[in-house]
Amino acid sequence: MTIKKVCCLGAGYVGGPTCSIMAYKCPDIQVIVVDKSKQRIDEWNSDVLPIYEPGLDEVVKQCRGKNLHFSTEIETAIKEADLIFISVNTPTKTFGYGKGKAADLKYVELAARDIVETVESGFKIVVEKSTVPVKAAESISTILHSKQKAGVEFQVLSNPEFLAEGSAITDLLHAERVLIGGEQSPKGKLAIGALSWIYQHWIPEEKILTMDTWSSELSKLAANAFLAQRISSINALTPLCEETGADVSEVAKAIGKDSRIGSKFLQASVGFGGSCFQKDILNLVYICESLGLQEVAAYWNSVIVINDYQKRRFSLRIVHRLFNTVTDKRISILGFAFKKNTGDTRESAAIHLSKHLMDENAKLAIYDPKVDKQQILDDLSHPYISEDPSRVARLVTIHQSAYEAGQGSHALVICTEWDEFVKLDFRRMYEIMEKPAFVFDGRKILDHEALISIGFEVETIGKRF
Ligand code: NAD
Ligand code: UGA
């Protein structure tokens, strides 16, 4: 079977970049990305894309209007496509059964319903790209088959995405593996072959793993759980280092040289953020609890417990070092995105840190090179963060540069590892700050000895000065 038209439901951080690369590498395929949000689609069709991702602009500019289209015409796109990706959001449920843990599959289910109600004829491959609980493909399949019209046939595949934000384009172009799960029947294998053919336009065949649907779905949750577990493991050593005088970077270097452990993802930090690690682990925990696997659930949940502890611990250290009071003190928050090279703030450690400091009535001067002012204000005004949203207007200012934020502040708090923070002129910064001038490096990116020689009081993660 040859795929000529692909449609993707969801023009987000995954749907947008994934389909852009697909169009870029498959000139023989028409790719149309649709979304319910008109604003998002308008942005994809404009000069300022809705997400910041290095290299994305060039790819979109090259393909848009040729074999890459962004549209709100969902029905037409579904009708015409041979293969439909479901790449919609799967947030943690905030209500009802499983609240705070289970994945909210509302958008996935609605997407499946849109598909079955729209398709009128032919063999359609529906690909679950969103991260979902194990057996979600079965639910999608049940919905599709329950209302399937005569002459229509569906095959559901699982094809989880492993890109990381900030490096999405490189990750997609040079994927270490592509995972495709599907039914092990002749029709299932036909569908797997068709999706595999698309990826083979740029990914070597041996890197395309095919397996049953449930293993594929679980592999995605497991991969994120393992990655987050490494961060919590190194972060769990940081208080020990601070108490004993060991340096966590040296410990990470030493253990990372063991090829069985490896050196990646051992960067101690103020805590991991992002839309997926916490959500996917909570989902895993919920699945384990639902199956009565309490010990397994507790094991994975400890990854989140350590992450929360790490974020809380860092903000307590700031208050403690600033003589146990930050009331009315100006504190510069440098970086608000959950990691560098993205404007995404979902679950960013900076939000939680800011909350704790606002709870102490600190005045926050925030700067991030890629996050919109309104996004920061919205994040901090969320009812989970500020019961009284007026406190944001009272306590928070957003700035156009690190120096503007640093002016007159008692402390700089590095929350995101942006390269430009490493290159700051810290002598100039020291001059414009209140004294004693503190630096709290939550990312371990600065030259601490140099800062101390300028006169700064320095605190970082996993090292005592
Ligand atoms: P997102 O919120 O950025 O985008 C989802 C989009 O889907 C939204 O624009 C929303 O309007 C749209 N949408 C919802 N229902 C729709 C429907 N029925 N039809 C058309 N559009 C619809 O989410 P995201 O970050 O792209 O994540 C999508 C999925 O991919 C999630 O399951 C996530 O866990 C997973 N994932 C994300 C990343 C990442 O780096 N963000 C990486 C791997 C996997
Ligand atoms: C992560 C995974 O890396 C992707 O493979 C996966 O596809 C994606 O989740 C997803 O499912 O959404 P992402 O969250 O975009 O990608 O970014 P990461 O590079 O994994 O960073 C996550 C968080 O961990 C960031 O806050 C980062 O600063 C932090 N981190 C990362 C550390 O604190 N230390 C490290 O050593 C690495």
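Residue positions are given per chain, counting from 1 as you read along its sequence in written order. Whichever chain is written first becomes A and whichever ligand is written first becomes 1, with later ones labelled in order. Local features in this predicted model are restricted to residues of pLDDT 70 or higher, and side-chain atom pairs are both shown and tallied only at a pLDDT of 80 or more, whereas totals for entire chains, interfaces and linings draw on every residue. In computing side-chain values, all of the structure's heavy atoms are included and hydrogens and water are not.

Named according to an unreviewed UniProt entry, the chain is UDP-glucose 6-dehydrogenase originating from Tigriopus californicus. According to the UniProt record, the Function (unreviewed entry) comment for the chain reads "Involved in the biosynthesis of glycosaminoglycans; hyaluronan, chondroitin sulfate, and heparan sulfate." UniProt positions are given in the numbering used here, feature names are shortened, and annotations may be inferred rather than shown by experiment. Under Sequence similarities (unreviewed entry), UniProt gives the following word-for-word description of the chain: "Belongs to the UDP-glucose/GDP-mannose dehydrogenase family."

Caption draft 1: Focus on the packing of helix 9 (residues 213-244) against helix 11 (residues 277-290). To get an axis, fit a line to the C-alpha atoms, keeping to the stretch in contact for a helix; angles then go from 0 to 180 degrees between the N-to-C directions. A run of DSSP states H or I qualifies as a helix once it reaches four residues; a run of E qualifies as a strand once it reaches two. Both are numbered from the N-terminal end. Closest axis-to-axis distance for the helix 9/helix 11 pair is 9 Å, and the angle between their directions is 115°. For helix 9 against helix 11, the interelement crossing comes out left-handed. The segment helix 9 lies against helix 11, with Leu218, Lys220, Leu221, Asn224, Ala225, Leu227, Ala228 and Ile231 engaging Phe277, Asp280, Ile281, Asn283, Leu284 and Ile287. In terms of residue class, the contact of helix 9 with helix 11 is built from 10 nonpolar, two polar and two charged. Each crossing is labelled by how the near helix is turned from the far one, with a counterclockwise turn of less than a right angle marking it left-handed and a clockwise turn marking it right-handed. Residue contacts follow a heavy-atom distance rule, with two residues in contact if any of their heavy atoms lie within 4.5 Å. Put simply, Ala, Val, Leu, Ile, Met, Phe, Trp, Tyr, Cys and Pro go in the nonpolar bin, Asp, Glu, Lys and Arg in the charged bin, and everything else, Gly too, in the polar bin.

Caption draft 2: Region of interest: the packing of aromatic side chains. Side-chain rings of Phe, Tyr and Trp (the six-membered ring for Trp) are treated as a pair once their centres are within 6.5 Å; stacked means planes under 30 degrees apart, edge-to-face means over 60, and tilted covers the remaining angles. On inspection of all chains with the given rule, the structure shows 11 aromatic pairs. Distance and angle both matter: a charge sits over a ring if NZ of Lys or CZ of Arg is within 6 Å of the ring centre and within 35 degrees of the ring normal. The aromatic ring of tyrosine 430 is capped on one face by lysine 435, whose charged end is 4.7 Å from the ring centroid.

Caption draft 3: Summary view of a nonpolar patch on the surface. Exposure above 30% relative accessible area and no salt bridge define the residues that can form patches, which grow by joining like charges within 9 Å and nonpolar side chains of Val, Leu, Ile, Met, Phe, Trp and Tyr within 5 Å. For the accessible areas, the method is Shrake-Rupley and the probe is 1.4 Å, while residue cover comes only from the protein chains on display. Any Lys or Arg side-chain nitrogen found within 4 Å of a carboxyl oxygen on Asp or Glu counts as a salt bridge. A cluster of nonpolar side chains, Leu291, Leu293 and Val296, forms an exposed patch at the surface whose accessible area comes to about 260 Å². Checked against the element boundaries, leucine 293 lands in the loop between helix 11 and helix 12 (294-321).

Caption draft 4: Structural context of the packing of helix 11 against helix 12. Running from amino to carboxyl end, helix 11 crosses helix 12 at an angle of 150°, the nearest separation of the two axes being 8 Å. With respect to helix 12, the axis of helix 11 lies roughly antiparallel. Once helix 11 is placed against helix 12, the crossing between them reads as left-handed. For the pair formed by helix 11 and helix 12, the contact residues are Gln278, Ile281, Leu282, Leu284, Val285, Cys288 and Glu289 on the first element and Gln294, Val296, Ala297, Trp300, Asn301, Val303, Ile304, Asp308 and Lys311 on the second. Classifying every residue of the contact of helix 11 with helix 12 gives 10 nonpolar, three polar and three charged. Orientation is classified from the angle alone, with under 35 degrees giving roughly parallel, over 145 giving roughly antiparallel, 65 to 115 giving roughly perpendicular, and any other angle giving oblique.

Caption draft 5: Structural detail: the pattern of salt bridges. In the structure shown here, the tally under the stated rule is 27 salt bridges. For glutamate 138, the salt bridge goes to lysine 135, with nearest N and O atoms at 3.9 Å. Any residue under 20% of the maximum accessible area for its type is buried, any over 50% is exposed, and the rest in between are partly exposed; the area is computed with a 1.4 Å probe on protein chains only. The exposure class of glutamate 138 is partly exposed, given its relative accessible area of 40%. The partner of arginine 321 in a salt bridge is glutamate 459, and the shortest N-O contact between them spans 2.5 Å. A residue pair is termed long-range when its members are at least 10 positions apart, and arginine 321 in helix 12 and glutamate 459 in strand 14 (residues 457-460) qualify at 138 residues.

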